[in-house]
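Take a look at the letters that make up each chain.
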Amino acid sequence: MTRVPAASSLQPVPGKPRPRVLSIAGSDPSGGAGIQADLKSIAANGGYGLAVITALTAQNTRGVTGVHVPPVEFLTRQLEAISADVTVDAVKIGMLGNAEVIGAVADWLGAHRPAVVVLDPVMVASSGDRLLDADAEAALGRLMALADVVTPNVPELAALLGEAVAADWESALEQGKRLAAEHGVSVLVKGGHLDGDISWDALVDLSGASASDVTVFEAPRVDTVNTHGTGCSLSSALATLLGAGLVPTEAVGAAKAWLLEAIATSSELAVGAGHGPVNHFHHGVLPSARDVAGYAADLWTTAAGDLERIYELPFIAALGDGSLEEADFAYYLAQDALYLNTYSRVLAAASSLAPTEAEQAFWAKGARECLDVEAELHRSWLVGREVSMVQGPETKQYVDHLLARAGEGDYAVLVAAILPCYWLYAEVGAVLFREFEQAGAPDSHQYAMWLRSYSDPAFAEATRQAIAYTAEAARRSTPAQWTAMQEAFAHSSRFEVDFFDAPSRRVPRGRA
Ligand SMILES: Nc1ncnc2c1ncn2[C@@H]1O[C@H](COP(=O)(O)OP(=O)(O)OP(=O)(O)O)[C@@H](O)[C@H]1O
Ligand SMILES: Cc1ncc(COP(=O)(O)O)c(N)n1
């Protein structure tokens, strides 16, 4: 009977379907900002885009030559048509034009508020043209009360507070904190309009979902004129990622990373002679959040073959029934301790490359725990035993592989290489422990303590998280990266088999 299930119980279950994201904004016929940018941004980030148009602009990359706001009754009719039929997961609000439009959107939100509301308080285009009547700025207060996150740029921040425009990043951030406190809303302060080599943004998060109230995001400033629609694109990506279930800091981090690449590759497009658009589809259309489960399932297919081989190893059979020679076990644990020391450094490398704070903290915690386990192995098992502490060939090839992937600096590929150690250990540990219990958990079993440590629920939970992060990295990867991830995972998975087999193959046999 095989002990390898068709799907691991640690795999992520299919997540939310593709989030349905509604943009309520103005039209930009040049396609770089407004509704047109929003729909591209939503699709690029894995959402399904809907659009209700508040206003038409006549504009191109050089500026706005006209604004037409259709009768507000028709705006309400569009909004009602959507809510009568579609469940909206997230809404992004952009250009509103005048106070009457703001009132209509606020009324609709009051009655049909989706779970996520991102408000980009568009006032003036980057060309300097007004997109909101000056006397309507105060009316935005009503909408802010209905939003989860407001995303002002530096001039908009000043206008919303009735203060002078911040001259530097520190003052802008202070204004962001004040705006958040005044309106009880999270604020994403955008520093795109400031000078300097770094383009700063910060999330002042009042949702309680983040580790801290203020998270600062920095990115290199791209030297380009193609910044038309960056604010529209960022807020739509944010709404999409929040709609997919990411926590606010993760959603901002992922949206900003995506936008940075879209700005950096904008010269691939040749649209207009002024401030050109960003390259929304630099990595194509992302698979939906639901597809994360598919990536984990693909990796499992690779791991399952190796797991089958692991269960057939004499070492595992003897470990399971307690008949394993002590010298073999000691050899295995000594190699494990040696392995864990390097594995800890590799996890620390993953932490330093991680795209989100949650992942950074997760891998750093793992790195720390490896050292604790290594120390415990020395204290409890290896003390007093005559064991060689020289890396065996199987250990060496495994850690060399991991260190090489860490050196390459690609987060997605590195976590794919890291994963089999969590996953296969958790699976093997759970099966051996279950069989030990089924055999009546005999007191005479020499390795019961080891079996218990790897069937620990906390280790299973960490494994579940590691799988989820790797699958999420796969979702965001390019096809070439995904191939490299599969390769890195397959190598590590194979090295796991060799690692478990090493005690039986070591030469000379006898004492460890
Ligand atoms: N040259 C740049 N290089 C890197 N990131 C940038 C650059 N310009 C803007 N950004 C980023 O783009 C996002 C939008 O910032 P910005 O402050 O320009 O907002 P905005 O004024 O609302 O945008 P828009 O240009 O659409 O009006 C922010 O995340 C900002 O950091
Ligand atoms: C319809 C519409 N909505 C928003 C913007 C702001 O974008 P930007 O400041 O990049 O011009 C715009 N120009 N047009």
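Residues numbered from 1 in each chain as written. Chains lettered and ligands numbered in written order. Predicted model: local features only at pLDDT ≥ 70, side-chain atom pairs only at ≥ 80, totals over all residues. Heavy atoms only, no water.

### Comments concerning the overall build of the chain
- Secondary structure assignment for the chain yields 17 helices and nine strands.
- Taken across its 512 residues, the chain has 54% of its residues classed as buried.
- For the chain, the share of sequence-separated contacts (at least 6 apart) that also reach a separation of at least 24 residues comes to 75%.
- On the chain, roughly 21100 Å² of surface is accessible, and the fraction owed to carbon and sulfur atoms is 55%.
- Positive and negative side-chain charges of the chain, numbering 35 and 62 respectively, have mean locations separated by a distance of 3 Å. (Helix = DSSP H or I, 4+ residues; strand = E, 2+ residues; numbered from the N terminus. Buried < 20%, exposed > 50% of the residue type's maximum accessible area, 1.4 Å probe, protein only. Contact = heavy atoms within 4.5 Å. Areas by Shrake-Rupley, 256 points an atom, 1.4 Å probe, with all protein chains shown as cover. Lys, Arg positive; Asp, Glu negative; His and termini not counted. Charge placed at Lys NZ, Arg CZ, Asp CG, Glu CD.)

### Details of the site of ligand 2
- What surrounds ligand 2 is a group of 15 residues, the closest being Gly26, Gln59, Ser126, His228 and Gly229.
- With respect to ligand 2, the backbone of Gly229 contributes an N or O atom lying 2.5 Å from an oxygen atom.
- In isolation ligand 2 has 350 Å² of accessible area, and contact with the protein removes 92% of it.
- The cavity that encloses ligand 2 is the second largest pocket.
- Taken together, the residues of the shell around ligand 2 break down into six nonpolar, nine polar and no charged. (Near = heavy atom within 4 Å. Polar contact = N/O pair within 3.5 Å; in protein donor to acceptor, adjacent residues only side chain to side chain. 1 Å grid on protein atoms, 1.4 Å probe; cavity = no way out; pocket = protein on both sides within 12 Å on 5 of 7 lines; lining within 4 Å. Sits in = over half its atoms within 2 Å of the grid points. Nonpolar A, V, L, I, M, F, W, Y, C, P; charged D, E, K, R; others polar.)

### Structural notes on the domain arrangement of the chain
- With domains assigned, the chain is organised as domain 1 (21-280) and domain 2 (291-505).
- The distance between the C-alpha centroids of domain 1 and domain 2 comes to 43 Å.
- Facing the seven residues of domain 1 at the interface are six residues of domain 2.
- At the boundary of domain 1 with domain 2, total buried surface from both sides reaches about 540 Å², with 49% on carbon and sulfur atoms.
- Linking domain 1 to domain 2 there are zero salt bridges.
- Its residues assigned to classes, the side of domain 1 that touches domain 2 shows four nonpolar, two polar and one charged. (Domains from an automatic or database assignment. Buried area = accessible area lost by both parts, 1.4 Å probe. Salt bridge = Lys/Arg side-chain N within 4 Å of Asp/Glu carboxyl O.)

### Focus on the state of the cysteines
- Scanning all chains against the criterion turns up zero disulfides.
- This cysteine, Cys370, is not joined by any disulfide, and Cys421 carries the nearest cysteine sulfur, 7.0 Å off. (Disulfide = S-S within 2.5 Å.)

### Section: the packing of helix α12 (residues 357-382) against helix α14 (residues 411-438)
- Packing of α12 against α14 leaves a shortest axis separation of 13 Å and a crossing angle of 40°. With respect to each other, α12 and α14 are oriented oblique. Seen along the crossing, α12 lies across α14 with a hand that is left-handed. Contact with α12, carried on its side by Glu359, Phe362, Trp363 and Gly366, involves Tyr411, Val415, Ile418 and Tyr422 of α14 and no other residues of that element.
- Split by residue class, the contact of α12 with α14 holds six nonpolar, one polar and one charged. (Axes fitted to C-alpha atoms, helices over the stretch in contact; angles between N-to-C directions. Parallel < 35°, antiparallel > 145°, perpendicular 65-115°, else oblique. Left-handed = near helix turned anticlockwise from the far one by under 90°.)

### Thoughts on the site of ligand 1
- Taken together, the neighbourhood of ligand 1 is formed by 19 residues, with Lys190, His193, Ser199, Asp201 and Gly231 sitting nearest.
- A distance of 3.1 Å separates an oxygen atom of ligand 1 from a polar atom in the backbone of Thr227.
- Surface burial for ligand 1 is 93%, taken as the share of its 610 Å² of free accessible area covered by protein chains.
- Structurally, ligand 1 is housed in the second largest pocket.
- Elements with a contribution of two residues or more to the shell around ligand 1: β8 (198-204), α7 (230-243) and α8 (248-264).
- Of the residues belonging to the shell around ligand 1, the class tally is seven nonpolar, eight polar and four charged.

### Quick word on the packing of aromatic side chains
- Summed over the entire model, instances satisfying the criterion amount to 24 aromatic pairs.
- Relative to Tyr422, the ring of Tyr343 has its centre 6.3 Å away and its plane inclined at 55°; by these criteria the two rings are tilted. Note that Tyr343 is positioned in helix α11 (residues 326-353) and Tyr422 in helix α14, a separation of 79 residues in sequence.
- Using a relative accessible area of 3% as the deciding quantity, one classes Tyr343 as buried. (Phe/Tyr/Trp six-rings, centres within 6.5 Å; stacked < 30°, edge-to-face > 60°.)

### Description of unusual backbone geometry
- Located in the positive-phi region is Ala441, a residue other than glycine, with phi close to 45°.
- Relative to the helices and strands, Ala441 is located in the loop between α14 and α15 (448-454).
- Under the relative-accessibility criterion, Ala441 is labelled partly exposed at 29%.

### With respect to helix α1 (residues 34-44)
- Within α1, the full set of buried residues consists of Gly34, Ile35, Ala37, Asp38, Ser41, Ile42 and Ala44.
- The inward-facing, buried residues of α1 contact β1 (20-27), β2 (48-60), β4 (90-93), α7 and α8.

### Some thoughts on empty space enclosed by the protein
- Following the criterion strictly, the structure yields two cavities of 30 Å³ or more and no others.
- One number sums up the size of the largest cavity: a volume of about 40 Å³.
- Forming the walls of the largest cavity are Gln59, Asn60, Thr61, Arg62, Gly63, Ala125, Ser126, Ser127, His228 and His275.
- Computed from the structure, the second largest cavity encloses a volume of approximately 30 Å³.
- Lining the second largest cavity are Asp336, Tyr339, Tyr398, Cys421, Tyr425, Glu496 and Phe499.
- Grouping the amino acids of the lining of the second largest cavity by side-chain chemistry returns five nonpolar, no polar and two charged. (Points joined across faces, edges and corners; volume = space filled by probe spheres on them.)

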